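Breakdown of the fold
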Amino acid sequence: MTRLAILSDIHGNLTALEAVLQDLSQFPVDHVIVAGDVIDRGPFSVQVLERVTREGWAVIRGNAELYLLDYGTPRAPAEWNDLSLFPLHPRLHRQLNGHWLTAIAAWPDTLSLRFPDAPPVRVVHGSPRSPRELIYPISTDAEIEAMLSGIEETTVITGHTHLAMERRVGHWHILNPGTVGQPIDGVSSASYMVLAGDEGGWQPTFRRVPFNPEPLLQECERQGYTDECGVIGQLVMEDFQTARPRLLTFLCWRQACCPDAPLTKKLLEEFHRVNPWDYMPPAYRVNLPT
């Protein structure tokens, strides 16, 4: 029997990664697979990269890695020039330009795992079509079938949504380990998955590991995160503080109510007065307060 540990969406959160590694030490696994978004948002991208590469894990690129690689190139969309809305990209590039950028440039975007005692596995970050495409727990079977069309592997591992998931659609078994570094369901705990595979298929064990977000928040303060990244930086810190998708909800609210409003502290104060559940995408309305 082959045993794997599947991690995804670490997002530069070293504290959460260390909690996962401590928990993982009780499970003998043959390989550790990281399904993208190792870096970005959290203040410890360099330290997380050092740990991941030192361990020799198999890693693919997620959209966060593409932000790093495409920033400042002809591949970058014009909207990235709005630094009030996209301040994290140049910050990430300054942190990782050089050795780490070159190393990540050679990472694959997908993996096909072929062990002798279990069915083949395709590992992607978002969907096989794009690292930015989301396979949600609430996605319809028809939507998922369209995204997986042409994929011969019957087991597909994905990330990107930050939501743990197990689905069976058609002949596919779809698994998402959730997020190590940036939970969005109101619980400050890191998610990952242990997979056991044999000729009968792959059986997941989903793990949730508590971690203390304070070291991460203190490092953000020390680095002047909000001074450098403005409203977006403040909302990312709120993501970590609340374990909720505050930035995504803010962007949905702004698009619905005031799409041309500049990103100022006054606008952020106005957002803080609204009911966030009214603007949060449906897939993330989990563990609602009573």
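Quick look at the structure, then. Source: prediction; values computed, not measured.

**Here's the deal with helix α7 (residues 214-222)**
The set of residues buried in α7 consists of Leu216, Leu217, Glu219 and Cys220. Down the axis of α7, the buried set is contained in an arc of 160 degrees. They therefore lie on one face. Opposite the buried face of α7, by more than 90 degrees, sit the exposed residues Gln218, Glu221 and Arg222. Contacts made by the buried residues of α7 are with α1 (14-24) and α8 (225-242). Gly224 sits one or two residues past α7 and shows a positive phi near 65 degrees.

**Focus: the sheet that holds strand β1 (residues 2-7)**
Read across the sheet, 5 strands follow the order β3-β2-β1-β9-β10 without closing on themselves; strand pairing throughout is mixed. Because the sheet does not close on itself, it has two edges, and the strands there are β3 (58-59) and β10 (201-210). The sheet contact formed by β1 and strand β9 (residues 189-198) spans 5 bridges and is antiparallel. Counted as the bridge partner of Arg3 is Ala196 from β9. Relative to the sheet, α1 contacts β1, β2 (31-34), β9 and β10, its axis offset from that of β9 by approximately 40 degrees.

**What to know about the pairing of strand β7 (residues 165-169)**
Residues of β7 alternate between two faces, with Met165, Arg167 and Val169 buried on one and Glu166 and Arg168 left unburied on the opposite face. Pairing of β7 with strand β8 (residues 172-176) involves 5 bridges; the strand directions are antiparallel. Bridging from a neighbouring strand, Glu166 pairs with Leu175 of β8. Two successive antiparallel strands, β7 and β8, enclose a turn made up of 2 residues, where Gly170 displays a positive phi of approximately 60 degrees.

**Digging into the environment of Arg51**
Looking at the element boundaries, Arg51 is found in helix α2 (residues 45-55). Of the residues examined, Arg51 reaches a relative accessible area of 22% and is grouped as partly exposed. Taking the C-alpha atoms as reference points, Arg51 and Glu18, 33 residues apart in sequence, are found 9.5 Å from one another. Those residues in contact with Arg51, other than ones at most four positions away along the chain, are Leu17 and Leu21.

**Considering the environment of Met147**
Along the chain, Met147 turns up in helix α6 (residues 141-148). A sequence separation of 50 residues divides Met147 from Asn97, and the C-alpha atoms of the two residues are 33 Å apart.

**Details of the pairing of β9**
Buried residues dominate β9, accounting for 9 of its 10 residues. The sheet contact formed by β9 and β10 spans 10 bridges and is antiparallel. The residue of β10 that forms the bridge with Tyr192 is Arg207. In this structure, the hairpin formed by β9 and β10 is closed by a connection of 2 residues.

Cut-off values and rules
Residues numbered from 1 in each chain as written. Predicted model: local features only at pLDDT ≥ 70, side-chain atom pairs only at ≥ 80, totals over all residues. Heavy atoms only, no water. Buried < 20%, exposed > 50% of the residue type's maximum accessible area, 1.4 Å probe, protein only. Helix = DSSP H or I, 4+ residues; strand = E, 2+ residues; numbered from the N terminus. Arc of directions from axis to C-beta. Contact = heavy atoms within 4.5 Å. Pairing = 2+ DSSP bridges. Axes fitted to C-alpha atoms, helices over the stretch in contact; angles between N-to-C directions.

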